[in-house]
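The chain contents come next:
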Amino acid sequence: MNRKAKQEMHRRQALQILGAATVAPLFRNPISMVIESLVKGLINEARAEVAGKPLPRNLIVFYMTGGAARWAFDQSHDPYKASSGNGGNKQVITGFRNGNADLIKNQFNFSQGRTLYLPPVWGSSIAPSSGKSVQMSELLRNAIVMQGVNMLADGHRTNAAALVMPNPNGMSYGGMIADASPAELAAIALPNSQVAHRAPSGSGIAQVNNFANPLSQLLSPFQRKPASGDYLSRRDAMDLAMKSALQKLGTFASSTDPAAIALFSAQSKAEKLLKRSFGDLNASYATLVKKYMAIQRTAIDQSRTGVVGVTDQMIANGSFSAQERLNGAGNVADIADLRDLISPIMIVQDLAENFAIAEYMILNGFSQYVSAFVGNVFYAQIASGRLETINSDEHDVGAAVSLVVNTARYRAFCACLLELTDMLKQKGLWNDSVILWGSEFNRDPRMDGSGSDHGWRGNVYTLLSGAIDGPYYVGNTSTIAGSSAPTKIGSSEVDSVVRGYVASTVSTLARIQSPASNNSSFLTLTQGGTYVLNNIELSKGVAS
Amino acid sequence: MRGIRLACIVAALASFPGCLNFGAKTEESSRLVMGMYDQGTILQKTQQTIIRIGDREQVASVLMNVFGPNANSVVSENILKKPAQFGGPCDYMSEASQSDMNCQFDDIGVATVPSITSALEALRTQACDRIAQDDAAIRYAAAQAREVSDGSFIQSEPPGIADIKAAYELFRPGHPLPDDIASNLKTGVVGGAMKSGGSVEGWRFLFLTLCLSPDWQLL
């Protein structure tokens with residue numbers, strides 16, 4: 001049963017309980033109409049109380065390990081200004097113009113007169129499985145990008161955990177959602193994703209360890225084994241009596257340990273799932289992976305020549321220094337055109353697999369929280385016939401290599417995102433879903449273009465949801481106040497944003513309590529049901 | 001009926017909750033108050049409470065103690081070999097004895113303290129179901145409840161209130177079951193099962209219900 005149906009069932013039950021269905025025919029005169037309206041008011045009030053808080057929104061978190069060259073993707077230096085050079089920092093490049101690399105921005109116009117100046121990759125086309133290609137910037141209509149977030153300290157593991165559990169002493173997004181969600185496996189963590197998890201009522205997170213039939217892994221405990229004799233029919237006959245007894249045992253247990261409610265709730269969900277048939281899960285997974293793999297492949301293939309301002313012209317190897325051609329394992333030496341880095345079999349680690357599982361689990365209502373992963377780029381051609389992995393933690397990935405490879409990576413990610421959002425729209429879930437992506441830190445670019453180190457004082461988080469009336473770029477959008485030179489991307493402490501603001505923004509959208517209640521959300525709900533930007537001090541750089 | 005509804009609506013203006021007990025909806029209303037377990041919605045929250053439940057060794061030991069050696073293979077398959085769901089130690093320095101640890105290489109990173117998931121409960125439910133089908137396991141458990149050596153009495157003697165309370169304490173020592181809940185189990189579960197199968201079925205479904213009740217995992 002999907003979530004809408006469940007919500008509807010709650011409402012219907014509430015109305016039945018309150019006898020509301022029988023109220024209207026009894027009254028027809030003005031006095032009775034007054035009474036009727038009073039009763040209806042009481043009923044509505046009670047119904048709201050019965051339904052409790054609205055269900056949380058679905059939340060899908062993509063942990064983008066390393067935070068590779070976000071300035072070539074969702075981060076924009078001064079997104080509200082037409083131009084801003086890279087201040088001589090050879091690592092901060094977003095495109096190639098007449099053979100020279102630079103921080104290039106293009107103008108993008110959105111509804112309500114909003115104009116943004118963004119890296120040229122947003123002007124390229126991506127296509128979901130339906131084949132109807134759109135400009136990548138379409139995704140931003142439902143986005144808020146939060147820049148300049150200070151992580152307070154360096155570190156892969158601790159900062160990656162903060163992506164999903166922003167307050168180390170608080171609750172995780174997945175935990176809050178799992179507690180409030182009626183979904184059977186409310187929170188799941190996919191391989192390599194962040195599983196920092198804590199729930200107020202102790203609800204757990206289901207993990208899969210690898211991509212060998214992960215849907216079967218997740219749902220295998222619910223595949224009931226054959227029973228002997230007529231045991232199952234006798235058990236079915238006893239179902240109501242046992243349910244009633246368990247409810248009383250639950251009341252007894254929770255009288256001394258209120259937290260027992262979560263246990264009984266999980267047991268009840270398990271019983272329901274054990275009675276359900278799932279079909280061929282392995283076949284479903286294979287089909288979805290194939291779909292996302294094809295979408296990814298198309299996006300990567302088109303990246304080789306199809307991104308105006310980046311790969312539409314030859315990128316001559318000889319134009320760059322050895323540092324700018326670093327790939328982690330040495331220089332890209334013997335390919336004349338750096339576009340050939342994009343090999344015919346290049347893929348992004350785990351991308352198709354993660355999207356496949358997320359789509360299945362969310363669209364089928366099994367989960368409301370999926371922690372997923374976007375990894376390194378596999379099979380980049382660094383020399384003729386030599387394929388290597390380009391690590392997202394780009395300490396030794398030169399500017400030119402980084403831009404070409406990441407153009408393909410982020411286009412592949414966005415193409416898969418477009419497919420997922422299309423599927424959510426088809427199911428009517430887009431307004432009730434949120435996608436968050438971020439990394440453990442931004443990058444701190446080296447002036448000579450030889451790579452970048454951990455930029456933990458200026459991280460970037462992006463949120464996508466049908467409920468956001470975007471696009472918005474907030475936070476420290478110009479890196480250093482009063483300067484146009486992004487020489488300190490990721491490492492400036494000037495005007496940096498406390499990550500609690502990000503946490504409150506995510507929580508507001510996800511309809512859960514913020515784990516950082518002292519910090520306000522960047523977004524506020526309008527009467528129309530969409531979220532718009534708060535007029536708060538930290539929304540710096542926002543065009544008035 | 002119409003008059004009752006009218007009275008109830010009028011009464012609602014003065015005391016709305018009184019109408020909740022109207023007609024055949026009493027059960028639903030009590031469910032709404034206590035948390036709608038079977039709708040999967042937890043309305044009552046225990047703020048900032050972290051539940052500690054037993055790991056796979058703990059859960060397995062309870063089941064093996066209650067149901068005896070006949071339950072061992074089921075417990076091993078559904079509980080001990082599922083560290084991903086039930087937690088507990090998986091020491092990868094003990095690779096040579098992985099069969100003893102019941103861990104696979106992929107399990108090395110699993111949490112020591114398990115968290116509550118539907119998957120964990122489904123595996124436990126399946127274990128309970130399979131154990132409950134075994135007459136020898138039920139005889140063993142019944143004998144434990146009466147503190148006798150032979151459980152063959154289940155063929156002719158149905159469980160009484162004292163048996164039910166003793167059975168509950170096998171799972172959850174130190175938590176005496178109130179009389180009204182024991183009585184409810186006797187009337188509903190034991191009585192219902194005996195209608196179709198005699199006293200053995202009464203014992204079987206008593207122990208199944210107690211096994212399914214997840215509270216005994218609480219630490």
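All figures in this text were calculated on a predicted structure; none of them were measured in a lab.

(A) Local environment of the overall build of chain B. A count of helices and strands for chain B gives 10 helices and zero strands. In sequence order, the secondary structure elements of chain B are arranged as α-α-α-α-α-α-α-α-α-α. The buried share of chain B, reckoned over its 219 residues, is 51%. Counted over contacts in chain B with a minimum sequence separation of 6, partners at least 24 positions apart contribute 63%. If you sum the accessible surface of chain B, you get close to 9500 Å²; carbon and sulfur atoms cover 53% of it.

(B) Inspection of the overall build of chain A at higher detail. Helix and strand counts for chain A stand at 12 helices and 22 strands. The buried share among the 544 residues of chain A stands at 60%. The contacts of chain A with a sequence gap of at least 6 include a subset with a gap of at least 24, amounting to 73%. About 19700 Å² of surface is accessible on chain A, with carbon and sulfur atoms providing 51% of the total.

(C) Molecular detail of empty space enclosed by the protein. If you walk through the whole model with that rule in mind, you get eight cavities of 30 Å³ or more. Looking at the largest cavity, its volume works out to about 160 Å³. Along the wall of the largest cavity there are 19 residues; nearest its centre are S203 and K269 of chain A together with I116, T117 and S118 of chain B. Of all the elements in the fold, those that place two or more residues in the lining of the largest cavity are α4 (173-180) and α8 (260-274) of chain A.

(D) Expanded view of the sheet that holds strand β14 (residues 386-390) of chain A. Residue and element names in this part refer to chain A. One open sheet holds the three strands; their spatial order is β11-β13-β14, and the pairing between them is antiparallel. Edge positions in the sheet fall to β11 (342-348) and β14, since each of these pairs with one other strand and no more. If you compare each strand with its neighbour and ignore which way they point, the axes differ by 40 degrees on average. One ladder, built from three bridges, connects β11 with strand β13 (residues 377-383); its direction is antiparallel. Of the residues in β13, the one forming a bridge with I347 is F378. Sitting on the sheet, helix α11 (residues 399-426) touches β11, β13 and β14, and the angle it makes with β11 is about 60 degrees.

(E) Main features of helix α9 (residues 281-303) of chain A. Residue and element names in this part refer to chain A. Relative to the 33 Å expected for 23 residues at 1.5 Å per residue, α9 spans 33 Å between its end C-alpha atoms, a close match to the ideal helical length. Buried within α9 we find L281, Y285, L288, V289, K291, Y292, I295, Q296, R297, A299, I300 and S303. Buried residues belonging to α9 abut α5 (214-219), β11, α10 (351-363) and α11. N-cap assignment for α9: the residue whose side-chain oxygen lies 3.2 Å from the backbone N of N282 is D280.

(F) Representation of the pattern of salt bridges. Residues and elements named next belong to chain A. All told, the structure shown has 26 salt bridges over all chains when counted by the stated rule. For the salt bridge of E359 with K291, the shortest nitrogen-to-oxygen distance reads 2.8 Å. Of this pair, E359 sits in helix α10 while K291 sits in helix α9; the two residues are 68 residues apart in sequence, bridging distant segments of the chain. A relative accessible area of 6% places E359 in the buried class.

(G) Region of the structure containing the state of the cysteines. All names here are of chain A. This structure, assessed with the given rule, holds one disulfide over all chains. Left without a disulfide partner, C414 is nearest to the cysteine sulfur of C416, which lies 9.4 Å away. Its relative accessible area of 0% is what places C416 among the buried residues.

(H) The arrangement of unusual backbone geometry in detail. Residues and elements named next belong to chain A. Cis geometry marks the peptide bond from G470 to P471, where omega comes out at 0 degrees. Counting through the fold element by element, P471 comes out in the loop between β18 (459-465) and β19 (472-475). Despite not being glycine, D78 shows a phi value in the positive range, around 55 degrees. By the secondary structure assignment, D78 is in the loop between β1 (58-64) and β2 (95-97). Of note in the backbone geometry, N213 takes a positive phi value of approximately 50 degrees without being a glycine. The residue N213 is located in the loop between β10 (206-207) and α5 in this model.

(I) Seen up close, the environment of Y501 of chain A. Residue and element names in this part refer to chain A. Relative to the helices and strands, Y501 is located in helix α12 (residues 499-510). Using a relative accessible area of 17% as the deciding quantity, one classes Y501 as buried. Through-space distance from the C-alpha of Y501 to that of S321 is 40 Å; in sequence the pair is 180 residues apart.

(J) Geometry of the nonpolar core. F62 and F413 of chain A are the most contacted members of the largest nonpolar core, which has 103 residues in total. It is α11 of chain A that provides the largest number of residues to this core, a total of 18 residues. Ranked by size, the runner-up nonpolar core spans 62 residues in total, among them M238 of chain A together with I79, A167 and V200 of chain B.

(K) Summary view of the confidence of the model for chain A. Of all residues in chain A, 86% have pLDDT values of 70 or greater, and the mean over the chain is 85. In this model, residues 1-51 of chain A is a region of pLDDT below 50 whose contacts with residues beyond four sequence positions or in other chains number 61 contacts.

(L) Quick peek at the pairing of strand β4 (residues 106-109) of chain A. Residue and element names in this part refer to chain A. Note that β4 and strand β5 (residues 115-118) share four bridges and pair antiparallel. Its bridge partner being in β5, N109 is matched across the sheet by T115. Counting the residues between successive antiparallel strands, the hairpin from β4 to β5 contains five residues, one of them, Q112, with a positive phi of roughly 60 degrees.

(M) How the structure looks around the packing of helix α7 (residues 118-132) of chain B against helix α10 (residues 179-212) of chain B. Residue and element names in this part refer to chain B. As a packed pair, α7 and α10 sit with axes 9 Å apart at the nearest point and diverge in direction by 165 degrees. With respect to each other, α7 and α10 are oriented roughly antiparallel. Viewed along their axes, α7 and α10 form a crossing whose handedness is right-handed. Contacts between α7 and α10 involve R124, T125, C128, D129 and A132 from the former and R204, L208, C211 and L212 from the latter.

(N) Fine view of the pairing of β1 of chain A. All names here are of chain A. Most of β1 is tucked away, with seven of its seven residues classed as buried. On β1, burial covers both faces: N58, I60, F62 and M64 on one face and L59, V61 and Y63 on the other are all buried. As paired elements, β1 and strand β15 (residues 433-438) share six bridges and run parallel to each other. Considered in β15, the bridge of N58 is made with S433. As judged from the six bridges shared by β1 and strand β12 (residues 369-374), these two strands associate in the parallel manner. The residue bridging V61 from the neighbouring strand is S371, located in β12.

(O) Molecular detail of the packing of aromatic side chains. Residues and elements named next belong to chain A. Under the criterion given, the structure shown has 22 aromatic pairs over all chains. Measuring from centroid to centroid gives 5.3 Å for F62 and F413, while their planes differ by 80 degrees, and the two rings are edge-to-face. Here F413 lies in helix α11 and F62 lies in strand β1, a separation of 351 residues in the sequence. The burial state of F62 is the same as that of F413; both residues are buried. The ring centre of Y410 lies 5.8 Å from the NZ or CZ of R409, which sits over that ring.

Parameters and conventions
- Residues numbered from 1 in each chain as written.
- Chains lettered and ligands numbered in written order.
- Predicted model: local features only at pLDDT ≥ 70, side-chain atom pairs only at ≥ 80, totals over all residues.
- Heavy atoms only, no water.
- Helix = DSSP H or I, 4+ residues; strand = E, 2+ residues; numbered from the N terminus.
- Buried < 20%, exposed > 50% of the residue type's maximum accessible area, 1.4 Å probe, protein only.
- Contact = heavy atoms within 4.5 Å.
- Areas by Shrake-Rupley, 256 points an atom, 1.4 Å probe, with all protein chains shown as cover.
- 1 Å grid on protein atoms, 1.4 Å probe; cavity = no way out; pocket = protein on both sides within 12 Å on 5 of 7 lines; lining within 4 Å.
- Points joined across faces, edges and corners; volume = space filled by probe spheres on them.
- Pairing = 2+ DSSP bridges.
- Axes fitted to C-alpha atoms, helices over the stretch in contact; angles between N-to-C directions.
- Expected span 1.5 Å × (residues − 1).
- Polar contact = N/O pair within 3.5 Å; in protein donor to acceptor, adjacent residues only side chain to side chain.
- Salt bridge = Lys/Arg side-chain N within 4 Å of Asp/Glu carboxyl O.
- Disulfide = S-S within 2.5 Å.
- Core = buried A, V, L, I, M, F, W, Y, C linked by side-chain atoms within 4.5 Å.
- pLDDT = per-residue confidence, 0-100.
- Parallel < 35°, antiparallel > 145°, perpendicular 65-115°, else oblique.
- Left-handed = near helix turned anticlockwise from the far one by under 90°.
- Phe/Tyr/Trp six-rings, centres within 6.5 Å; stacked < 30°, edge-to-face > 60°.
- Lys NZ or Arg CZ within 6 Å of the ring centre and 35° of its normal.

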